[in-house]
Amino acid sequence: MADDARDAGDQGDRSTDEAALSARLRRLGERLDQERSSQTSRTASGASPTSDGSGLARGLRLSSELVAGVVVGALIGWALDHWGGISPWGLIVFVLLGFAAGVRNVMRAATIGNTPNDRG
Amino acid sequence: MDPIHQFEINKLFPLFKIGSAEFHFTNSAAFMILAVALTMLLMLGATAQRALVPGRFQSIAEISFEFVANTIRSTAGEEGMKFFPFVFSLFMFVLFANVLGLIPYAFAVTSHLIITAALALMVFVTVLVYGFWKNGLRFFKLFVPSGIPIYILPLIVFIEVLSFLSRPISHSVRLFANILAGHITLKVFAGFVTMLGGLGLLGWIGAVLPLGLTVALTALELLVAFLQAYVFAILTCIYLNDAIHPGH
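Predicted model only: the values in this text are computed from it and were never measured.

Novice: Any chance you could explain the overall build of chain B here in plain terms?
Specialist: A count of helices and strands for chain B gives 8 helices and 2 strands. Ordering the α and β elements of chain B from the N terminus gives β-β-α-α-α-α-α-α-α-α. When its C-alpha atoms are laid out on the principal axes, chain B stretches across 75 × 55 × 45 Å. When burial is assessed residue by residue, chain B has 31% of its 248 residues classed as buried.

The following block contains the structure:
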């Protein structure tokens, strides 16, 4: 009898504990949701898209972006020369265009010229 | 002593034959499987308990999850979370392959262009397929920036297309070149230590400098291993963002 009563009391305690815990969890979840929605609104309002990426990570991107543009331009130009028989004009034109594409890549990587206001 | 020797692919045992082409299980394949197995072990083992207060391993798993999720949210927005499994798999695979490659006698999987190119092309094709599937022909707006005078528009579109085509190249070469160059530098400086060490007492004193550099470079390479995985993931997100919202 006495044991039963104590068990019941224990269970009562435990259920109130769990109720309190789940209430705290729910409040925490709500706060997290709020935080998250405010974060998304902040990023949506046009801050730099990679603002939390470390500077080093962004810096490492730049060098290869330029090279990649030139390489693609040269490859296309060489292929046109080879199969189109217009040597050397394909290579000349496409290396120049590839260089422009590389510069555009770097500008995009450095997030210059991504917003309409930046475009001159 | 040969600094390139570490990138050699060794055949471990033959798998199957198609026509005259033989397919072998290589050391590269072994380390790729090891990277995937370790990732799975970490994620499955860490989440087995599902403790409210996370232990060490669960903390690592949760931090990596949050890190990738935040990267996607900040670059591709909430819609980008559709691609979370893809980006997370890429990030963990590259990270584990990079870090495993730093262990002495291990093979650096990402130091081979074919591996990184396959990963980058996977992203490229995903962007193309998803972009056309979701936006249809509006996907071409990606190549037509707004507010450009009509007389230079053809030139600009051409340049934008070239710039788009150069993405898988810069995406793959960056990772491959960083890992390759890092491992060669490490090997060369470590080679100086043994060369100078063979010269007697004076050589031993001289060897202190390259030894110190090797230690410092190992730390740098650990940073590079992590950073390159991060750069690979963040670029994937940026490219996926173009597929989700073309022509911003």
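Having seen it, we continue.
Novice: Honestly, the overall build of chain A in this entry has me stumped. Any pointers?
Specialist: If you tally the helices and strands in chain A, you get 3 helices and 0 strands. Of the regular secondary structure in chain A, the N- to C-terminal order runs α-α-α. By the burial criterion, 18% of the 120 residues in chain A qualify as buried. Put simply, of all contacts in chain A between residues at least 6 apart along the chain, 58% involve residues at least 24 apart.

Novice: Just to check I follow, could you spell out the pairing of strand β2 (residues 21-26) of chain B for this structure?
Specialist: Residues and elements named next belong to chain B. In terms of residue burial, β2 counts as a barely covered element, since only 0 of its 6 residues are buried. With 6 bridges joining them, strand β1 (residues 11-18) and β2 adopt antiparallel strand pairing. Note on β2: the bridge partner recorded for Phe13 is Phe25. In textbook terms, the turn of a hairpin is the stretch between consecutive antiparallel strands, and for β1 and β2 this stretch comprises 2 residues, one of which, Gly19, has a positive phi near 60 degrees.

Novice: Got a minute to help me understand the confidence of the model for chain B in this structure?
Specialist: Looking at chain B as a whole, its pLDDT mean stands at 89, while 99% of the residues score no less than 70. Predicted as a complex, the structure gets a pTM of 0.77 and an ipTM equal to 0.72.

Novice: How should the packing of helix α2 (residues 56-76) of chain B against helix α8 (residues 208-244) of chain B be read in this particular structure?
Specialist: The relative placement of two packed helices is expressed as an angle between their axes plus a distance between the axes. All names here are of chain B. The contact between α2 and α8 brings their axes to 9 Å, and the two run at 40 degrees. In terms of orientation, α2 and α8 fall into the oblique class. Both α2 and α8 take part in a crossing whose hand is right-handed. Between α2 and α8, the residues in contact are Val68, Thr71, Ile72, Thr75 and Ala76 and Ala233, Ile234, Cys237, Ile238, Leu240, Asn241 and Ile244, respectively. The class makeup of the residues in the contact of α2 with α8 is 9 nonpolar, 3 polar and no charged.

Novice: I'm lost on the nonpolar core in this one. Help?
Specialist: Proteins that are soluble and globular tend to have nonpolar side chains buried together. Grouped together as the largest cluster of nonpolar side chains are 42 residues, with contacts concentrated most on Val87, Phe91, Val94 and Ala233 of chain B. Only α1 (27-47), α2, α3 (84-102), α4 (113-135), α6 (167-197) and α8 of chain B provide two or more residues apiece to this core. With 14 residues, the single largest contributor to this core is α8 of chain B. When sequence neighbours within four positions are dropped, the list of residues in contact with Ala233 of chain B reads Val68, Thr71, Val87, Leu90 and Phe91 of chain B. In this structure, Ala68, Val72 and Phe94 of chain A together with Ile159 of chain B belong to the second largest nonpolar core, which totals 10 residues.

Novice: Please explain unusual backbone geometry as it appears in this structure.
Specialist: What is expected of a backbone is that most residues other than glycine have negative phi and most peptide bonds are trans. Residues other than glycine seldom take positive phi values, yet Tyr105 of chain B does so here, at roughly 75 degrees. As for its position among the elements, Tyr105 of chain B is in the loop between α3 and α4.

Novice: Would you mind going over the environment of Val106 of chain A with me for this structure?
Specialist: All names here are of chain A. Looking at where Val106 falls in the secondary structure, it is placed in helix α3 (residues 89-109). In this structure the C-alpha to C-alpha distance between Val106 and Arg61, which are 45 residues apart in sequence, comes to 8.3 Å. With residues near it in sequence (within four places) discarded, Val106 still touches Leu62, Glu65 and Leu66.

Novice: Where do I start with α2 of chain B in this structure?
Specialist: Think of an α-helix as 3.6 residues a turn; residues three or four steps apart then line up on the same face. Residue and element names in this part refer to chain B. Taking 1.5 Å per residue, 21 residues should reach 30 Å; α2 reaches 30 Å between its end C-alpha atoms and fits that length. Listing the buried residues of α2 in full gives Val68, Thr71, Ile72, Arg73, Ser74, Thr75 and Ala76. Directly beyond the C-terminal end of α2, a positive phi value near 80 degrees is found at Gly77.

Novice: Even after reading the chapter, I still don't get the confidence of the model for chain A, so can you show me in this structure?
Specialist: Detailed reading of predicted coordinates is not advised where the pLDDT is low. All names here are of chain A. For chain A, the average pLDDT comes to 73, and 64% of its residues sit at 70 or higher. This stretch, residues 43-53, has a pLDDT under 50; its non-local contacts, to residues over four places away or in other chains, come to 14 contacts. Throughout residues 115-120 the model reports pLDDT below 50, and contacts reaching past four residues in sequence, or to other chains, amount to 7 contacts.

Novice: Could you clarify how one ought to interpret α3 of chain B in this entry?
Specialist: Residue and element names in this part refer to chain B. For α3, built from 19 residues, the straight-helix expectation of 27 Å at 1.5 Å per residue is met to within 8% by its first-to-last C-alpha distance of 27 Å. Every buried residue belonging to α3 is among Val87, Phe88, Leu90, Phe91, Met92, Phe93, Val94, Leu95, Phe96, Ala97, Asn98 and Gly101, and all of these are buried. Residues of α3 that are buried sit in contact with α1, α2, α4, α6 and α8.

The rules behind each value
Residues numbered from 1 in each chain as written. Chains lettered and ligands numbered in written order. Predicted model: local features only at pLDDT ≥ 70, side-chain atom pairs only at ≥ 80, totals over all residues. Helix = DSSP H or I, 4+ residues; strand = E, 2+ residues; numbered from the N terminus. Buried ≥ 20, exposed ≤ 12 C-beta atoms within 10 Å, placed from the backbone. Contact = placed C-beta atoms within 7 Å. Pairing = 2+ DSSP bridges. pLDDT = per-residue confidence, 0-100. Axes fitted to C-alpha atoms, helices over the stretch in contact; angles between N-to-C directions. Parallel < 35°, antiparallel > 145°, perpendicular 65-115°, else oblique. Left-handed = near helix turned anticlockwise from the far one by under 90°. Nonpolar A, V, L, I, M, F, W, Y, C, P; charged D, E, K, R; others polar. Core = buried A, V, L, I, M, F, W, Y, C linked by C-beta atoms within 7 Å. Expected span 1.5 Å × (residues − 1).

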